[in-house]
Amino acid sequence: MRAFVITIPDHPESNQAANKCIESHFRLHSSSLMPDFFTIEKFNAVTPNDTATVMMENGISWNYPWETVEHDIKSGLTKSPYNTINIDARIACALSHYKLWKFCADIESPILVLEHDAIFTKKLRMDITDNNYSIIGINDPRGATRRSQDFYDKVLLHREAVIPCPYIDSINVPQGLAGNSAYIIKREGAEKMLELVKEHGLWPNDALMCKQLVGAKLGVTTDFYTKVQGTRSTTTL
């Protein structure tokens, strides 16, 4: 399995955070019997200046509100605007994930996707993908998502290694992985995400990768392997 940390080119804070992610990973996994499994590569993020070009090249368009809450008839979900000053930065983040979904589908093999603010806290289990889940979140929810304590409490009720992503809000609110900053995606999951973009348009990656649209194959680990570093957001500022 290949692993990637999304890093903004020529952005000091992004590269510093990505380096910390890679270093934390190396400290925990350097003695692994399968070192290639744990190699993390920097993946050049789409930049705000490139969003229009990347969307045109891929034949996709943005379909999420910036100012007012909308009820999406096709999905039945309520789409609430994110706190975003630079809208192209938000689109660029979603496109970076989109490009990795395409890559995963193309190579037909699972990949580990990390945002630059993820940091490893525990050695990742080698058998974590031996199940029927097509997308698996590995991030500690605390401090990473809305109602993070509710998410945390629901996950810890279970003993299985991976469980279905829990609901922590009303059924009409898109909800999925904790922060969407660390997850394993298999070919099936990548193809599903590409289908969702084609059907619904591009949304913020954590909204589109939600339990309501992905379904029962969206899972989370009950033991957490990463957490967020608490760095300054590059999408809300």
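K.L.:
Is there a simple way to think about the packing of helix α2 (residues 51–58) against helix α3 (residues 87–107) in this case?
P.N.:
For any two helices packed against each other, the geometry is given by the interaxial angle and the distance between the axes. Remark: α2 packs on α3, axes separated minimally by 10 Å, with the N-to-C direction vectors making an angle of 40 degrees. One way to sum up the angle between α2 and α3 is to call them oblique. For the pair α2 and α3, the sense of crossing is left-handed. Between α2 and α3, the residues in contact are Thr51, Val54, Met55 and Asn58 and Asp88, Ile91, Ala92, Leu95, Tyr98 and Lys102, respectively.

K.L.:
Can you help me understand helix α4 (residues 148–155) in this one?
P.N.:
All of the buried residues along α4 are Ser148, Phe151, Tyr152 and Val155. Projected onto a plane normal to the axis of α4, the buried residues spread over an arc of 95 degrees and lie on a single side. Buried positions along α4 lie against β8 (162–164) and β10 (218–221).

K.L.:
What exactly am I supposed to notice about the side chain of Thr226 here?
P.N.:
As for its placement among the helices and strands, Thr226 is situated in strand β11 (residues 226–228). Since its relative accessible area comes to 0%, Thr226 is described here as buried. Beyond its immediate stretch of four places on either side in the chain, Thr226 contacts Leu114, Ile119, Phe120, Thr121, Ile138, Asn139, Asp140 and Ala182.

K.L.:
For this particular structure, what's the right way to read the pattern of salt bridges?
P.N.:
Oppositely charged side chains may form a pair once their charged atoms are brought near each other. Per the counting criterion, the structure on display carries eight salt bridges. Between Asp72 and Lys79 there is a salt bridge; the shortest N-O distance is 3.3 Å. Like Lys79, Asp72 is buried. Between Glu188 and Lys217 there is a salt bridge, with its nearest N and O atoms 2.8 Å apart. Placement of the pair is Glu188 in helix α5 (residues 187–200) and Lys217 in the loop between α7 (211–214) and β10, with a sequence separation of 29 residues. Owing to a relative accessible area of 37%, Glu188 belongs among the partly exposed residues under this scheme.

Rules behind the numbers
Residues numbered from 1 in each chain as written. Predicted model: local features only at pLDDT ≥ 70, side-chain atom pairs only at ≥ 80, totals over all residues. Heavy atoms only, no water. Axes fitted to C-alpha atoms, helices over the stretch in contact; angles between N-to-C directions. Helix = DSSP H or I, 4+ residues; strand = E, 2+ residues; numbered from the N terminus. Parallel < 35°, antiparallel > 145°, perpendicular 65-115°, else oblique. Left-handed = near helix turned anticlockwise from the far one by under 90°. Contact = heavy atoms within 4.5 Å. Buried < 20%, exposed > 50% of the residue type's maximum accessible area, 1.4 Å probe, protein only. Arc of directions from axis to C-beta. Salt bridge = Lys/Arg side-chain N within 4 Å of Asp/Glu carboxyl O.

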